[in-house]
Amino acid sequence: MNRQEVELLGEEIEILMQERSMLLNVAGAAAVLISYATAQNLPQEVVQAADRLSEALNALREDTLKDALDAVHAEA
């Protein structure tokens, strides 16, 4: 691997790390929102969307979800 390829790879890794950080913030905020939502107070369409979001959050690895909650300074 030449120097230019190494530099490009390093830049791509940095972009991916920034993207991961942003996605962790989104996932963390979504987890907090879902934890406070109650089905009784929401329209049916919102409940269905919250169910899908909840399933997606539950599918995350435990350490990833913890990182997401840490990103928004929430408690698990």
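Calculation notes
Residues numbered from 1 in each chain as written. Predicted model: local features only at pLDDT ≥ 70, side-chain atom pairs only at ≥ 80, totals over all residues. Heavy atoms only, no water. Core = buried A, V, L, I, M, F, W, Y, C linked by side-chain atoms within 4.5 Å. Buried < 20%, exposed > 50% of the residue type's maximum accessible area, 1.4 Å probe, protein only. Helix = DSSP H or I, 4+ residues; strand = E, 2+ residues; numbered from the N terminus. Arc of directions from axis to C-beta. Contact = heavy atoms within 4.5 Å. pLDDT = per-residue confidence, 0-100. Patch = residues over 30% accessible without salt bridge, like charges linked within 9 Å, V, L, I, M, F, W, Y side chains within 5 Å. Areas by Shrake-Rupley, 256 points an atom, 1.4 Å probe, with all protein chains shown as cover. Salt bridge = Lys/Arg side-chain N within 4 Å of Asp/Glu carboxyl O. Expected span 1.5 Å × (residues − 1).

## Quick look at the nonpolar core
Phase 1: Formed by L24, A27, A30, A31, L57, A68 and L69, the largest nonpolar core amounts to seven residues.
Phase 2: Sorting the residues of this core by element identifies α1 (3-36) and α3 (62-71) as the ones contributing at least two each.
Phase 3: Tallying contributions element by element places α1 first for this core, with four residues.

## Points about α3
Phase 1: For α3, the set of buried residues is T64, A68 and L69. End-on, the buried residues of α3 take up no more than an arc of 135 degrees, which puts them together on one face.
Phase 2: Taken together, the buried residues of α3 touch α1.
Phase 3: Phi turns positive, to about 60 degrees, at H73, one or two residues after α3.

## Quick notes on the confidence of the model for the protein chain
Phase 1: Per-residue pLDDT for the protein chain averages 92, and the proportion of residues at 70 or more is 99%.
Phase 2: The element-level mean pLDDT for the protein chain is lowest in helix α2 (residues 44-59), coming to 92, with α1 highest at 95.

## What to know about a nonpolar patch on the surface
Phase 1: Together, M1, V6, L9, I13 and M17 give the surface a local cluster of nonpolar side chains, amounting to about 530 Å² of exposed area.
Phase 2: Take M17: it is sitting in helix α1.

## Observations regarding the environment of E11
Phase 1: Considering the arrangement of structural elements, one finds E11 in helix α1.
Phase 2: Overall, the relative accessible area of 47% leaves E11 in the partly exposed class.
Phase 3: Distance from E11 to N58, taken between C-alpha atoms, is 31 Å for residues 47 residues apart in sequence.

## Focus on unusual backbone geometry
Phase 1: For H73, which is not glycine, the phi torsion reads 60 degrees and is therefore positive.
Phase 2: Locating H73 in the fold gives a position in the segment after α3.

## With respect to α2
One turn of an α-helix holds 3.6 residues; hence residues three or four places apart share an orientation.
Phase 1: Between its first and last C-alpha, α2 extends 23 Å over 16 residues, near the 22 Å set by a 1.5 Å rise per residue.
Phase 2: Residues of α2 that are buried include every one of V47, A50 and L57, and no others. Buried residues of α2 fall within an arc of 80 degrees about the axis and therefore sit on the same side. Exposed residues lying more than 90 degrees from the buried face of α2 are Q44, E45, R52, E55 and A59.
Phase 3: Its buried side turned inward, α2 meets α1 and α3.

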